[in-house]
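An overview of the molecular structure
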Amino acid sequence: MQQRMLERFKKKLIKEREKLLADVNHIRNEELGKSQRDATGELSGYADHMADGGTDTIERQVSLGLMSNEEVMLLKIDGALKRIEDKTYGVCELCKEKISQERLNAVLYATYCIKCRSQEESKNNKKV
Ligand SMILES: [Zn+2]
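The notes below deal with the structure included here. (Residues numbered from 1 in each chain as written. Predicted model: local features only at pLDDT ≥ 70, side-chain atom pairs only at ≥ 80, totals over all residues. Heavy atoms only, no water.)

**Structural notes on the coordination of the zinc ion**
Condition: Metal donors were taken as nitrogen, oxygen and sulfur atoms no farther than 2.8 Å from the ion, or 3.2 Å where the ion is Na, K or Ca. Water is excluded, so coordination may look unfinished. Geometry is assigned from the angles between donors: four donors with all angles from 85 to 135 degrees make a tetrahedral site, four or six donors whose opposite pairs exceed 155 degrees while the rest stay between 65 and 115 make square planar or octahedral sites respectively, and everything else is labelled irregular. Helix and strand assignments come from DSSP, with helices taken as H or I runs of at least 4 residues and strands as E runs of at least 2, each series counted from the N terminus. Only protein chains enter the calculation, and the probe is 1.4 Å; a residue is then buried if its accessible area is under 20% of its type maximum, exposed if over 50%, and partly exposed in between.
The coordination sphere of the zinc ion contains the protein donors Cys92 (SG), Cys95 (SG), Cys113 (SG) and Cys116 (SG), at a distance range of 2.2 to 2.3 Å. Taken together, the 4 donor atoms coordinating the zinc ion span angles of 104 to 116° at the metal, a pattern that classifies the geometry as tetrahedral. The sequence pattern formed by the donor residues of the zinc ion is C-x2-C-x17-C-x2-C. Here Cys113 lies in the loop between α5 (101-106) and α6 (114-127) and Cys95 lies in the loop between α4 (69-86) and α5, a separation of 18 residues in the sequence. On the basis of relative accessibility, which here comes to 9%, the residue Cys113 falls in the buried class.

Here is the structure:
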């Protein structure tokens, strides 16, 4: 992808990231309020899980309810920003083809092209 386009997506990602961070902080504050009313040992376990959480365990953490959608989005955006630095942004992780800019505009942190994405989705559906 051209440097000019990368910069454009980078700006969008950073803007989206700021918006999400504000949301996450808002959620955190609400959770903090809850936990103060209901002080159990739950929170220390939560912190342990977060500490060993790499991006490859995102799905697991989501399924365990350890991460909010906003936090997952943040990790995805961080990943996209890293790919912009690596100049691999906009390249499908599976087939290494370019992801269409139309798709990237819709999903800034897309890692798969539409073809691979729908293949993955149908695979997942079969598992369930
Ligand atoms: Zn692909």
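**A look at the pattern of salt bridges**
Convention followed: One side-chain nitrogen of Lys or Arg within 4 Å of one carboxyl oxygen of Asp or Glu is enough to make a salt bridge.
Per the counting criterion, the structure on display carries 7 salt bridges. Taking the shortest distance from any N to any O, the salt bridge between Glu71 and Arg28 comes out at 2.3 Å. Residue Glu71 is found in helix α4, and its partner Arg28 is found in helix α1 (residues 3-37); the two are separated by 43 residues along the sequence. When the shortest N-O distance is used, the salt bridge between Arg117 and Glu121 registers 3.0 Å. You can see Arg117 and its partner Glu121 sitting in helix α6, 4 residues apart, about one turn around the helix.

**Some points on unusual backbone geometry**
Positive phi, close to 65°, is recorded for Lys87, a residue that is not glycine. Relative to the elements of secondary structure, Lys87 occurs in the loop between α4 and α5. Judged by its relative accessible area of 51%, Lys87 is exposed. Of note in the backbone geometry, Lys96 takes a positive phi value of approximately 65° without being a glycine. Note on placement: Lys96 falls in the loop between α4 and α5.

So far we have only geometry, and geometry alone does not tell us how the molecule works.
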